[in-house]
Amino acid sequence: VDDGIALNWRDVTELREAVENLRNSEELFHNAFHSGGAMMSIVELPQQCCIEINKPMLDLLELTREEVIGRTILELDIYAGEQEKYDVYYDTLLKQETVRNYEVIMRTKSGKVVTMLRTSTLAQVHGKQCIVHIGQDITTQKEYEAEMQRFDRLNLVGEMAASIGHEVRNPMTTVRGYLQLFQRRSQFEPYRQQLDTMIEELDRANMIISEFLSLAKNKRITL
């Protein structure tokens, strides 16, 4: 009997089971939070004060737990993107309670800029409204995408240059033909040396264009 309230054996058993289930749930969440490969953090609203963060996230930001816990997002100054975009994300999160797969640009302690693909959701943690962030580093993937876009642009420039090279060779062929015609006429005999020099220069330019076109041409590779 406690304060006039009698608990029978069934009540005690159910209470014990509830406590055990709660303990198991907290242990399961703790293991998933700290042992998984995903980068996770929990910030308390409305100040957005960080109350929990796991090691993968700390490693990405190049920070220690002591430098993060108890500090607000504003104090940490880890977001390198535009503030307007973050404000839009924050307002959307408060309305929809979950925002999935959005890109956020962050700044590490050394000043390196990284890109994270993140999902955020509102949750009650110890009776307080919080945001649970789960993300992964996609910096390398974004760099690959930018490099592939650069290669695409270079490929387009190469195709345009090859097309221009073909167009340049056509008038060169016409000029060379007239120079050969002038070589056969007696009135141009005093200018034979100049005509020979012009033809040689046209041939040299044509050789350069031919070599360039051979590089720009897509070749079938036989392994």
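Overview of the structure. (Residues numbered from 1 in each chain as written. Predicted model: local features only at pLDDT ≥ 70, side-chain atom pairs only at ≥ 80, totals over all residues. Heavy atoms only, no water.)

## As for the nonpolar core
We apply this condition: In these notes, a set of buried Ala, Val, Leu, Ile, Met, Phe, Trp, Tyr and Cys residues joined through side-chain atoms within 4.5 Å is what counts as a nonpolar core. For every residue, the accessible area obtained with a 1.4 Å probe (protein chains only) is divided by the maximum for its type, and the residue is called buried under 20%, exposed over 50%, and partly exposed between those limits. A run of H or I in DSSP counts as a helix once it spans at least four residues, and a run of E counts as a strand once it spans at least two, with each numbered from the N terminus. In this description, contact between two residues means that some pair of their heavy atoms is separated by no more than 4.5 Å.
Judged by nonpolar contacts, the single largest core of 27 residues is most densely connected at Met57, Val68, Tyr79, Tyr89, Met106, Met116 and Ile131. Elements represented by at least two residues in this core include exactly β1 (39-44), β2 (49-53), α2 (55-61), α4 (73-76), α5 (83-96), β3 (98-107) and β4 (113-125). Excluding its chain neighbours within four sequence positions, the residues that come into contact with Met116 are Met39, Met57, Leu60, Tyr102, Glu103, Val104, Met106, Gly135, Gln136 and Ile138. Listed in part, the eight residues of the second largest apolar core include Ala162, Leu202, Ile209 and Leu213.

## Observations concerning unusual backbone geometry
Residues Leu45 and Pro46 are joined by a peptide bond in cis, for which omega reads 5°. Considering the arrangement of structural elements, one finds Pro46 in the loop between β1 and β2. Despite not being glycine, Glu62 shows a phi value in the positive range, around 60°. Counting through the fold element by element, Glu62 comes out in the loop between α2 and α3 (65-68).

## Remarks on the sheet that holds β1
For clarity, the cut-off: A pair of strands is considered paired only if DSSP assigns at least 2 bridges between the two. Lines are fitted to the C-alpha atoms to define the axes, a helix being fitted only along its stretch in contact, and any angle between axes, read from their N-to-C directions, falls within 0 to 180 degrees.
As summarised here, the arrangement of the five strands in space is β2-β1-β5-β4-β3, forming an open sheet in which the pairing is antiparallel. Pairing within the sheet leaves two strands with one partner each, and these edge strands are β2 and β3. The average undirected angle you get between the axes of adjacent strands in this sheet is 35°. Across 10 bridges, β4 lies against strand β5 (residues 128-137) in antiparallel orientation. Among the inter-strand pairings, Leu122 is bridged to a residue of β5, identified as Ile131. The strands touched by α5 are β3, β4 and β5; relative to β4, the strand with the most contacts, the crossing angle is about 30°. Helix α6 (residues 139-183) contacts β3, β4 and β5 of the sheet and is inclined by roughly 135° relative to β4.

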